[in-house]
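In case you want the letters, here they are:
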Amino acid sequence: MKSEDTPFEGGPMDGRVLPVLLGITGHPPKTYRIPVPAPDGGSPTVLVYVRTPRGHAGRTGLSRGWKYVYAPEGVPPSRLRWPWSRPAADPDATPKGKPDDADG
């Protein structure tokens, strides 16, 4: 398996560089979760880091690689979205359709 030295920014891992395994596409995973054991033996705390581009190189605009940025609130769960599916409904939106007859 191939790995890449990837820097971490923010949180307890700030400034560290760890070797991260690359996937089939040659990119590291989108999220990196680090379980930290509790000192009293309770449930472990999970640190969540999100992959972001490290930057772009000069005129060519090629990516210089990836870095992980600390996400203290975690990553919101995402569902699989197909191109033909409807967009998520806004909870504050009123339903579309024929207006009520009582309105006039």
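Above this text sits the structure in question.
Parameters at a glance
- Along each chain, residues carry numbers from 1 onward, in the same order as the chain's sequence is written.
- Where totals are concerned, whole chains, interfaces and linings use all residues; where local detail is concerned, this predicted model gives features only for residues with pLDDT of at least 70, and gives and counts side-chain atom pairs only at 80 or more.
- Where side-chain values are given, they derive from all heavy atoms of the structure, hydrogens and water being excluded.
- DSSP calls a pair of strands paired once it identifies at least 2 bridges connecting them.
- The way it works is that DSSP assigns letters per residue, a run of H or I at least four long becomes a helix, a run of E at least two long becomes a strand, and they are numbered from the N terminus.
- Inter-axis angles, ranging from 0 to 180 degrees, are taken between N-to-C directions of lines fitted to C-alpha atoms, where helices are fitted over the stretch in contact.
- What is meant by a nonpolar core is a set of buried Ala, Val, Leu, Ile, Met, Phe, Trp, Tyr and Cys residues, joined one to another through side-chain atoms within 4.5 Å.
- Only protein chains enter the accessibility calculation, which uses a 1.4 Å probe; a residue is then buried when its area is under 20% of its type maximum, exposed when over 50%, and partly exposed in between.
- A contact between two residues is defined here by any heavy atoms of the two lying within 4.5 Å.
- Each Phe, Tyr or Trp ring, with Trp reduced to its six-membered ring, pairs with another whose centre is within 6.5 Å; inter-plane angles below 30 degrees give stacked pairs, above 60 give edge-to-face pairs, and intermediate values give tilted ones.

Undergrad: Honestly, the sheet that holds strand β7 (residues 66-70) in this entry has me stumped. Any pointers?
TA: In spatial order, the strands read β2-β1-β7-β4-β3; together these five strands make up an open sheet with mixed pairing. Whereas interior strands pair on both sides, the edge strands pair on one side only; in this sheet they are β2 (17-21) and β3 (31-36). The sheet shows a mean angle of 35° between the axes of neighbouring strands, direction not considered. As defined by bridge partners, β3 adjoins strand β4 (residues 45-53) across six bridges and the pair is classed as antiparallel. For Pro-35, the partnering residue across the bridge sits in β4 and is Val-46.

Undergrad: Just checking my understanding: could you explain the nonpolar core for this structure?
TA: In a soluble, globular protein the nonpolar side chains are often hidden away together inside. Among the nonpolar cores identified, the biggest contains seven residues, and these are Phe-8, Met-13, Val-20, Ile-34, Leu-47, Tyr-49 and Tyr-68. Setting aside residues up to four positions removed in sequence, Met-13 forms contacts with Phe-8, Leu-18, Ile-34 and Tyr-49.

Undergrad: What's the story with the packing of aromatic side chains in this structure? I'm lost.
TA: This model, assessed by the stated rule, comprises six aromatic pairs. Where Phe-8 meets Tyr-68, the ring centres are 5.2 Å apart and the plane angle is 25°; that geometry is what we call stacked. Pair noted here: Phe-8 is in strand β1 (residues 3-9) and Tyr-68 is in strand β7, with a separation of 60 residues, a long-range link. Exposure class is identical for Phe-8 and Tyr-68. Each is buried. For the ring pair Tyr-49 and Tyr-70, a centre distance of 5.3 Å and an interplane angle of 55° mean the geometry is tilted. Here Tyr-49, found in strand β4, pairs with Tyr-70, found in strand β7; they are 21 residues apart in sequence, far enough to count as distant.

Undergrad: Could you clarify how one ought to interpret the pairing of β4 in this entry?
TA: If a strand is regular, its side chains alternate between the two faces of the sheet. As paired strands, β4 and β7 are joined by five bridges and run antiparallel to one another. Within β7, the position partnered with Tyr-49 by the bridge is Tyr-70.

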